[in-house]
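Given next are the chains, with one letter for each unit.
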Amino acid sequence: MERLVLKDMTAQTRPHDGSPGEPSGDTHGPPGDSRNGPGDGPGDGAGARPRRPGRPPRDAARHLERAHRILDTACDLVLDRGYDATTVGDIARRAGVAKGTIYLHWRTREELFAALLRRERAEMAADVRKSVEDTPGRLRDLLGLLAAGLLRRPLLRASLLGDSEVLGGLTRAKRDGPADAELRAGLGPYLAELTRRGALRADLTPAEHVTALSSILYGFLTIPRLLPGPYVPDDERLAELVADACGRTLESGTAPTGDDAREIRQATLRHIDFVLESARRKLSLSLGTKETPR
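Residues numbered from 1 in each chain as written. Predicted model: local features only at pLDDT ≥ 70, side-chain atom pairs only at ≥ 80, totals over all residues. Heavy atoms only, no water.

Turning our attention to the overall build of the protein. Scanning the protein for helices and strands turns up 11 helices and 0 strands. Going through the 294 residues of the protein one by one, you find that 49% of them count as buried. Looking at the protein as shown, the accessible area adds up to about 14,400 Å², and 51% of this sits on carbon and sulfur atoms. (Helix = DSSP H or I, 4+ residues; strand = E, 2+ residues; numbered from the N terminus. Buried < 20%, exposed > 50% of the residue type's maximum accessible area, 1.4 Å probe, protein only. Areas by Shrake-Rupley, 256 points an atom, 1.4 Å probe, with all protein chains shown as cover.)

If you want it as structure tokens, here you go:
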């Protein structure tokens, strides 16, 4: 869970302007950007200069709608072909925009797909935040909801598990990147509060709590790829098994009551709020907007 709960995870509806496409004049990708994939270099002449992303749009709502349309298209293509086989040109053609228009939003293909993963995390965090309201707010409730959310979102599952068949070179680059210290820092105080309130085993160190938590989530999401079909439960049951394993492994065995139970629930809500706010902020940066992106 540390790489996801703990990673950079909207209730705003996407605006629609009904425009069928974009002007055809913006046809250039950044010159010399070899990471864009086949056919994604500059369109005509070495003197063409790319427009820089982040320029304040004249119509912010249309700019945001177009960004989401491009991300929707990128999601469909990468799930169908994989990241390595998906080019900016492919995305532009499918989305009905000029290739240069995509570079008005993101400087590189990597930045575009980073925005896509950030959007997935923000949406999943929002879903978990809404669902956890209807639970006692124990750690097992949170982990089960996270597992269910991952199972519904193949891009996030691929990101968590380092699935290079889906995310290719992007996954390899992510493995080489630094851990997200901000979100990892949020997990420690949360688990410490649950331990202090008697919800988690006191005989385990904080590092052991995180190790067990991560192993449960990673293990249950990985094992279906290794087992014969008859032994693989459906996604709903798999999420239930994640929650059950978390409770049996990490919880103290004594159900908190009264103030402790209320504070445990509030600590869980605060933690997912922290994750959601971080995810929304990073998505806003990727979309070039200061507003809640969805």
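Glancing now at the pattern of salt bridges. For the coordinates displayed, the defined rule picks out 21 salt bridges. In this structure, Arg 153 and Glu 123 form a salt bridge, with 3.2 Å as the shortest nitrogen-oxygen distance. Linking Arg 153 in the loop between helix 5 (139-152) and helix 6 (154-161) with Glu 123 in helix 4 (residues 109-132), this pair joins segments that are 30 residues apart in sequence. The burial state of Arg 153 is the same as that of Glu 123; both residues are buried. One salt bridge in this structure joins Arg 129 and Asp 273, with 2.4 Å as the shortest N-O distance. Here Arg 129 is found in helix 4, whereas its partner Asp 273 is found in helix 11 (residues 258-287), with 144 residues between them in sequence. Of the residues examined, Arg 129 reaches a relative accessible area of 19% and is grouped as buried. (Salt bridge = Lys/Arg side-chain N within 4 Å of Asp/Glu carboxyl O.)

For the coordinates displayed, the defined rule picks out 1 aromatic pair. Relative to Phe 113, the ring of Tyr 83 lies with its centre 4.8 Å away and its plane at 85°, an arrangement referred to as edge-to-face. Within this pair, whereas Tyr 83 is found in the loop between helix 1 (60-81) and helix 2 (88-95), its partner Phe 113 is found in helix 4, the two being separated by 30 residues in sequence. Tyr 83 gets classed as buried once you look at its relative accessible area, which sits at 2%. We classify Phe 113 as buried; its relative accessible area is 1%. We note Arg 109 situated over the ring of Tyr 83; from NZ or CZ to the ring centre the distance is 4.3 Å. (Phe/Tyr/Trp six-rings, centres within 6.5 Å; stacked < 30°, edge-to-face > 60°. Lys NZ or Arg CZ within 6 Å of the ring centre and 35° of its normal.)

So, about the nonpolar core. By size, the foremost hydrophobic cluster in this structure holds 42 residues, and its most contacted members are Leu 139, Leu 143, Tyr 190, Leu 194, Leu 217 and Leu 250. Within the residue set of this core, elements represented by two or more residues are helix 4, helix 5, helix 6, helix 8 (181-196), helix 9 (206-222), helix 10 (235-250) and helix 11. With residues up to four places along the chain from it excluded, the contact list for Tyr 190 reads Leu 139, Leu 142, Ala 267, Thr 268 and His 271. (Core = buried A, V, L, I, M, F, W, Y, C linked by side-chain atoms within 4.5 Å. Contact = heavy atoms within 4.5 Å.)

Attention now moves to the environment of Leu 194. Examined against the element boundaries, Leu 194 turns out to sit in helix 8. Those residues in contact with Leu 194 that lie beyond four places of it in its chain are Leu 139, Ala 199, Leu 200, Ile 264 and Ala 267.

For the pair helix 4 and helix 11, the least separation of the axes is 9 Å and the interaxial angle reads 155°. Compared by their axis directions, helix 4 and helix 11 come out roughly antiparallel. When you trace helix 4 past helix 11, the crossing you get is left-handed. Of the residues assigned to the contact of helix 4 with helix 11, the class counts are 13 nonpolar, 2 polar and 8 charged. (Axes fitted to C-alpha atoms, helices over the stretch in contact; angles between N-to-C directions. Parallel < 35°, antiparallel > 145°, perpendicular 65-115°, else oblique. Left-handed = near helix turned anticlockwise from the far one by under 90°. Nonpolar A, V, L, I, M, F, W, Y, C, P; charged D, E, K, R; others polar.)

A separate point is the packing of helix 4 against helix 6. The interhelical angle for the contact between helix 4 and helix 6, taken along N-to-C directions, is 105°, at an axis separation of 9 Å. Considering the angle they form, helix 4 stands roughly perpendicular to helix 6. In this structure, helix 4 contributes Leu 116, Leu 117, Glu 120, Arg 121 and Met 124 to the contact, and helix 6 contributes Leu 155, Leu 156 and Ser 159. The residue inventory of the contact of helix 4 with helix 6, partitioned by class, reads 5 nonpolar, 1 polar and 2 charged.

A cluster of nonpolar side chains, namely Ile 223, Leu 226, Leu 227 and Tyr 231, defines an oily patch on the protein surface of about 420 Å² accessible area. Tracing the backbone shows Leu 226 in the loop between helix 9 and helix 10. (Patch = residues over 30% accessible without salt bridge, like charges linked within 9 Å, V, L, I, M, F, W, Y side chains within 5 Å.)

Let's shift gears to helix 6. Within helix 6, 6 of the 8 residues are buried, which leaves the element mostly enclosed by the surrounding structure. All buried positions along helix 6 are accounted for by Leu 155, Leu 156, Ala 158, Ser 159, Leu 160 and Leu 161. Looking one or two residues beyond helix 6, the residue adopting positive phi is Gly 162, at roughly 65°.

For helix 10, with 16 residues, the first-to-last C-alpha span of 22 Å sits near the 22 Å given by 1.5 Å per residue. Within the span of helix 10, buried status applies to Leu 238, Ala 239, Val 242, Ala 243, Ala 245, Cys 246, Gly 247 and Leu 250. In this structure, the buried side of helix 10 is in contact with helix 5 and helix 9. Structurally, the start of helix 10 carries an N-cap: the backbone nitrogen of Glu 236 is 3.2 Å from a side-chain oxygen of Asp 234. (Expected span 1.5 Å × (residues − 1). Polar contact = N/O pair within 3.5 Å; in protein donor to acceptor, adjacent residues only side chain to side chain.)

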